[in-house]
Amino acid sequence: MFQYCTKLQAIHVPEDNPYLKSVDGVLYDKAQSIIYCFPQAKNPAGYELPDTVVTIERYAFYKFTGSSIVLPENLETIGIAAFQNSKLQSIHIPHNVKTIGDYAFYNCTGLTSITIGNSVTS
């Protein structure tokens, strides 16, 4: 959605929007079960997704500059190119994840460790 918005620091959504929600500038669906976009210029050391998230949409963490992300145990899907070009160093993929999209970790040149649960089927 905002793949090449390199200076984007926050996304704001009115509270009465029936479909989307912004939490500290990060874009989710209203129920916070899907994360759509972590702004590229937000620049944290790391990030922890809420326990409610079950889907990381495609390119959601494109060019993420933090070194770590904590994924919730309820997570089921990691979208296409979700972490492409990010600065992640390590990541643990929970056991509930069934699908990891193509190119999910493409060009993550600093990634030195990844743990994948046994439920991943594609």
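What you see is a predicted model, and the numbers here were worked out from it, not measured in a lab.

Considerations on the overall build of the chain
So, step 1. Across its full length, the chain holds zero helices and 10 strands.
So, step 2. In the chain, the succession of α and β elements from N to C terminus is β-β-β-β-β-β-β-β-β-β.
So, step 3. A globule of 122 residues ought to have a C-alpha radius of gyration of about 14 Å, and the chain, at 13 Å, matches this closely.
So, step 4. By the burial criterion, 41% of the 122 residues in the chain qualify as buried.
So, step 5. Here the contacts in the chain between residues at least 6 apart in sequence split such that 17% fall between residues at least 24 apart.
So, step 6. For the chain, the exposed area adds up to about 6,700 Å²; of that, 50% sits on carbon and sulfur atoms.

Re the packing of aromatic side chains
Given two aromatic rings, their pairing is described by the distance between the two centres and the angle made by the two planes.
So, step 1. Taken as a whole and assessed by the stated rule, the structure comprises 10 aromatic pairs.
So, step 2. A centroid spacing of 6.0 Å and a plane angle of 70 degrees characterise the contact between Y59 and Y62, whose relative ring orientation is edge-to-face.
So, step 3. What makes Y62 buried here is its relative accessible area of 6%.
So, step 4. Relative to Y106, the ring of Y103 lies with its centre 5.7 Å away and its plane at 85 degrees, an arrangement referred to as edge-to-face.
So, step 5. Taken together through their ring pairs, the aromatic side chains of F38, Y47, F61, F64, F83 and F105 make up a single cluster.

Quick word on the pairing of strand β3 (residues 34-37)
So, step 1. Relative to β3, strand β2 (residues 26-29) runs antiparallel, the two sharing two bridges. Each residue of the ladder has a partner; that of L27, found in β3, is C37.
So, step 2. The antiparallel hairpin formed by β2 and β3 contains four residues in its connecting segment, where Q32 sits at a positive phi of about 60 degrees.
So, step 3. Inspection of the sheet shows β3 paired to strand β5 (residues 55-56) by two bridges, in the parallel sense. Within β5, the position partnered with I35 by the bridge is I56.

Calculation notes
For every chain, the first residue of its written sequence is number 1, and the numbers climb from 1 along that sequence. Given that this is a predicted model, residues contribute local features only at a pLDDT of at least 70 and side-chain atom pairs are listed and counted only at 80 or more, while totals for whole chains, interfaces and linings are drawn from all residues. Calculated side-chain values reflect all of the structure's heavy atoms, with hydrogen atoms and water omitted. Secondary structure follows DSSP: runs of H or I at least 4 residues long count as helices, runs of E at least 2 residues long count as strands, and numbering of each begins at the N terminus. Here the radius of gyration uses the C-alpha set of atoms, whereas the globule reference equals 2.2 Å times the residue count to the power 0.38. Burial here depends on accessible area, computed with a 1.4 Å probe over protein chains only, as a share of the maximum for the residue type. Under 20% is buried, over 50% is exposed, and the range in between is partly exposed. Contacts are assigned to residue pairs with any non-hydrogen atoms lying within 4.5 Å of each other. A 1.4 Å probe and the Shrake-Rupley method give the accessible areas. Residues count as covered only by the protein chains that appear here. When two rings of Phe, Tyr or Trp (its six-membered ring) have centres within 6.5 Å they constitute a pair, described as stacked for plane angles under 30 degrees, edge-to-face for angles over 60, and tilted for the intermediate range. Here a strand pair is declared whenever DSSP counts at least two bridges between the two strands.

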